[in-house]
Amino acid sequence: MSRHSRLQKQVLGLYKQLLRAACDKPGFTPHIRAEFRRNAAFPRSDVMRIEMMMRRAQRQLEQLRDPSTRQMGAFSSTEPPGERA
């Protein structure tokens, strides 16, 4: 079995923390898993992008741990991608 780098260990730890924080809140766990799967395709050498995504996930974790958080919101665009001002 290969060893994980420090950054990989941090990502895995953050993933576990997010899943633990989401266990009491319905609907969050599938979103967290899907987000991590989608971002798993980043090249390991793209450290800056990975660190940026980790900071974003850390903010989401803080929000998720807030007792007043009950559901997730999603932002979606009603305009076609090429027509934004």
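The model shown is predicted, which means the values in this text are computed figures rather than measured ones.

Engineer: Quick one: what's the story with the packing of aromatic side chains, residue by residue and with numbers?
Structural biologist: How two aromatic rings sit relative to each other is given by the distance of their centres and the angle of their planes. A complete count under the given rule lists one aromatic pair for this structure. Note on Tyr15 and Phe36: the rings are 4.7 Å apart at their centroids and 55° apart in plane angle, and the pair reads as tilted. In this pair, Tyr15 is assigned in helix H1 (residues 6–22) and Phe36 in helix H2 (residues 28–39), connecting sequence segments 21 residues apart.

Engineer: Summarise the side chain of Lys25; cite the residues concerned and give the values.
Structural biologist: If you trace the backbone, Lys25 turns up in the loop between H1 and H2. The side chain of Lys25 is buried and forms no salt bridge, while Asp66, the nearest opposite charge, is found at 6.7 Å. With near-sequence residues (within four places) excluded, Lys25 lies in contact with Leu64, Asp66, Pro67 and Thr69.

Engineer: Help me get a handle on helix H3 (residues 47–65), residues and values and all.
Structural biologist: It helps to recall that an α-helix has 3.6 residues per turn; residues three or four apart then point in one direction. With 19 residues, H3 extends 26 Å from end C-alpha to end C-alpha; this agrees with the ideal 27 Å at 1.5 Å per step. Considered for burial, the residues of H3 that qualify are Ile50, Met53, Met54, Ala57, Leu61 and Leu64. The buried residues of H3 occupy an angular sector of 105° when projected down its axis, which confines them to one face. For H3, exposure combined with an orientation more than 90 degrees from the buried face picks out Met48, Arg59, Glu62 and Gln63. Its buried side turned inward, H3 meets H1 and H2.

Engineer: Could you give an account of the nonpolar core, naming the residues involved and the relevant values?
Structural biologist: With 15 residues, the main nonpolar core has Leu14, Leu18, Ile32 and Leu64 as its most contacted residues. For this core, the secondary structure elements donating two or more residues are H1, H2 and H3. Beyond its immediate stretch of four places on either side in the chain, Leu14 contacts Met54, Ala57, Gln58 and Leu61.

Engineer: Go over the pattern of salt bridges, please, and point to the residues and values.
Structural biologist: Scanning the entire structure with this criterion turns up two salt bridges. Arg38 is paired through a salt bridge with Glu35; the nearest N and O atoms lie 2.4 Å apart. Of the two residues, Arg38 and Glu35 both sit in helix H2, three residues apart, roughly one turn of that helix. We classify Glu35 as buried; its relative accessible area is 12%. The partner of Glu35 in a salt bridge is Arg56, with the nearest N and O atoms 3.2 Å apart. Here Glu35, found in helix H2, pairs with Arg56, found in helix H3; they are 21 residues apart in sequence, far enough to count as distant. Classification of Arg56 by relative accessible area gives partly exposed; the value is 34%.

Parameters at a glance
Residues numbered from 1 in each chain as written. Predicted model: local features only at pLDDT ≥ 70, side-chain atom pairs only at ≥ 80, totals over all residues. Heavy atoms only, no water. Phe/Tyr/Trp six-rings, centres within 6.5 Å; stacked < 30°, edge-to-face > 60°. Helix = DSSP H or I, 4+ residues; strand = E, 2+ residues; numbered from the N terminus. Buried < 20%, exposed > 50% of the residue type's maximum accessible area, 1.4 Å probe, protein only. Lys, Arg positive; Asp, Glu negative; His and termini not counted. Salt bridge = Lys/Arg side-chain N within 4 Å of Asp/Glu carboxyl O. Contact = heavy atoms within 4.5 Å. Expected span 1.5 Å × (residues − 1). Arc of directions from axis to C-beta. Core = buried A, V, L, I, M, F, W, Y, C linked by side-chain atoms within 4.5 Å.

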